[in-house]
Amino acid sequence: MQTDLLTFLQYVANGIVLGGVYGLVAVGLTLIYGVLKIINFSHGELVMGGMYVSYWCFVLWRIDPYVSAVISMTLFFCIGAVLQRYVVEPIMPAPQINQILLTIGVGLFLTNLAMVLFSPDTRTIHVSYATTTISFWGVLVSIPRLVSFVVAMVLSLGLYLFLRATRLGKAVRAAAQDREGAQLVGIGARQVFIIAFGIGAGMAAVAGSLLTPFYNVQPTAGVPFVLTAYVIVVLGTMGNFLGALVGALLIGVAESVGSYLFSPALRQLVSFSIFIGVLLFKPEGLFGGKAS
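Reading the values: the criteria
- Numbering of residues begins from 1 in every chain and follows the order in which that chain's sequence is written.
- The predicted nature of this model means local features are confined to residues of pLDDT at least 70 and side-chain atom pairs, given and counted, to a pLDDT of 80 or more, with totals for whole chains, interfaces and linings taken over all residues.
- Heavy atoms throughout the structure, all of them, feed into the side-chain values; hydrogens and water do not.
- A fitted line through C-alpha atoms represents every axis, and for helices the fit uses only the stretch in contact; the resulting angles, taken between N-to-C directions, go from 0 to 180 degrees.
- Counting from the N terminus, the helices are the DSSP runs of H or I reaching at least four residues and the strands are the DSSP runs of E reaching at least two.
- Crossing handedness is read from the near helix: turned anticlockwise from the far helix by less than a right angle, it gives a left-handed crossing, and turned clockwise, a right-handed one.
- All amino acids are sorted into three groups, where Ala, Val, Leu, Ile, Met, Phe, Trp, Tyr, Cys and Pro are nonpolar, Asp, Glu, Lys and Arg are charged, and the leftover types, Gly among them, are polar.
- Every definition here rests on a 1 Å grid over the protein atoms only: cavities are sets of points where a 1.4 Å probe fits but cannot get out, pockets are open sets enclosed by protein on both sides within 12 Å along at least five of seven lines, and lining residues have some atom within 4 Å of a point.
- Grid points are joined across faces, edges and corners, and a volume is the space filled by probe spheres set on the points.
- Under the pairing criterion, centres of Phe, Tyr and Trp rings, with the six-membered ring standing for Trp, must be within 6.5 Å; the plane angle then separates stacked pairs below 30 degrees from edge-to-face pairs above 60, leaving the rest tilted.
- Charge over a ring is defined by NZ of Lys or CZ of Arg lying within 6 Å of the ring centre and within 35 degrees of the ring normal.
- Burial classification: accessible surface area is computed with a 1.4 Å probe over protein chains only, and a residue below 20% of its type maximum counts as buried, one above 50% as exposed, and the rest as partly exposed.
- Definition of a polar contact: a pair of N or O atoms within 3.5 Å, with one able to donate and the other able to accept a hydrogen when the atoms are protein atoms, and with sequence-neighbouring residues admitted only if both atoms are side-chain atoms.
- Residue contacts are counted whenever heavy atoms from the two residues lie within 4.5 Å of one another.

Thoughts on the packing of helix α3 (residues 65-88) against helix α8 (residues 189-211)
- Closest axis-to-axis distance for the α3/α8 pair is 6 Å, and the angle between their directions is 145 degrees. Both α3 and α8 take part in a crossing whose hand is right-handed.
- When grouped by side-chain class, the residues that make up the contact of α3 with α8 number 19 nonpolar, seven polar and two charged.

Listed below in structure tokens is the structure:
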């Protein structure tokens, strides 16, 4: 009985640490939606891009993935800003279906570009601490996963404080709540949109870098994470920052416990069952549509 409880707690702990990385993907996605009101279906490919940046930094220059995450964030902030300015902005007045098709097209382009540049082969890196664990009352937690969780939570909470406490962050929130009102008081909506998309892309790329020490790198690697991120942002309420974090931890634990109770192959079945349940019974999300 005690062994079963310890095993169950082990799966819960694994779910929590993975949920932290899910949260970083989801907050970037919900930030873009909250500010631009665009559902970015290329978000997973930005995660994949961060993976490749850290992979090649490690292979070519032996830069640790947690260090190269800074490079990923900076590079993809710039890429996200360019995408927003020259690709997304012209389509913003169009119907939402056009916006969705555009972001799907951007995602397909990035996936195929990665296949052309790096081949479809699965790649991995081997860091010296890959198999190191730490014990919490008998529950073992992988050091790479724990570090990824801590970094993801620090960045997520740091972004939350940035949006709440800084002048630029307040401008982003103002543009998200009332675009025309923000422009009337002198806030440049175009610049705010570029910054918001850049930050969202940067957060996705950092999540990819954090996953690199324990996850395979390939052109389609970001797809499962963006699907899970959509479940999270719907669960936590679209556009709600803290809701995305709470939803990420819940989904991470649900998937991990689901793999324990059923099988690892059915892991995502649990999260998508939750997704369907939320759409049916509480479509406004757990936070009732309140934007953060």
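Having seen the model, we can carry on.
A word on the layout of surface pockets
- Here the largest pocket is characterised by a volume of approximately 320 Å³.
- For the lining of the largest pocket, the elements supplying multiple residues, two or more each, are α2 (43-61), α3 and α4 (96-118).

Structural notes on the packing of aromatic side chains
- Taken as a whole, this structure holds seven aromatic pairs when the rule is applied.
- Judged by centre distance (5.0 Å) and plane angle (80 degrees), the ring pair of Y55 and W56 falls under edge-to-face.
- Members of the aromatic cluster, connected to one another through ring pairs, are Y52, Y55, W56 and F118.
- R62 extends its terminal NZ or CZ atom over the ring of F58, reaching a point 4.2 Å from the ring centre.
- We note R85 situated over the ring of Y86; from NZ or CZ to the ring centre the distance is 5.1 Å.

Things to note about the side chain of S209
- Position of S209 among the secondary structure elements: in helix α8.
- Take S209: its relative accessible area is 0%, and that puts it in the buried class.
- Only 3.3 Å separates the side chain of S209 from the backbone oxygen of G50, close enough to count as a polar contact.
- Residues within four places of S209 in sequence aside, it is in contact with G50, M51, S54, P65, S68, A69 and S72.

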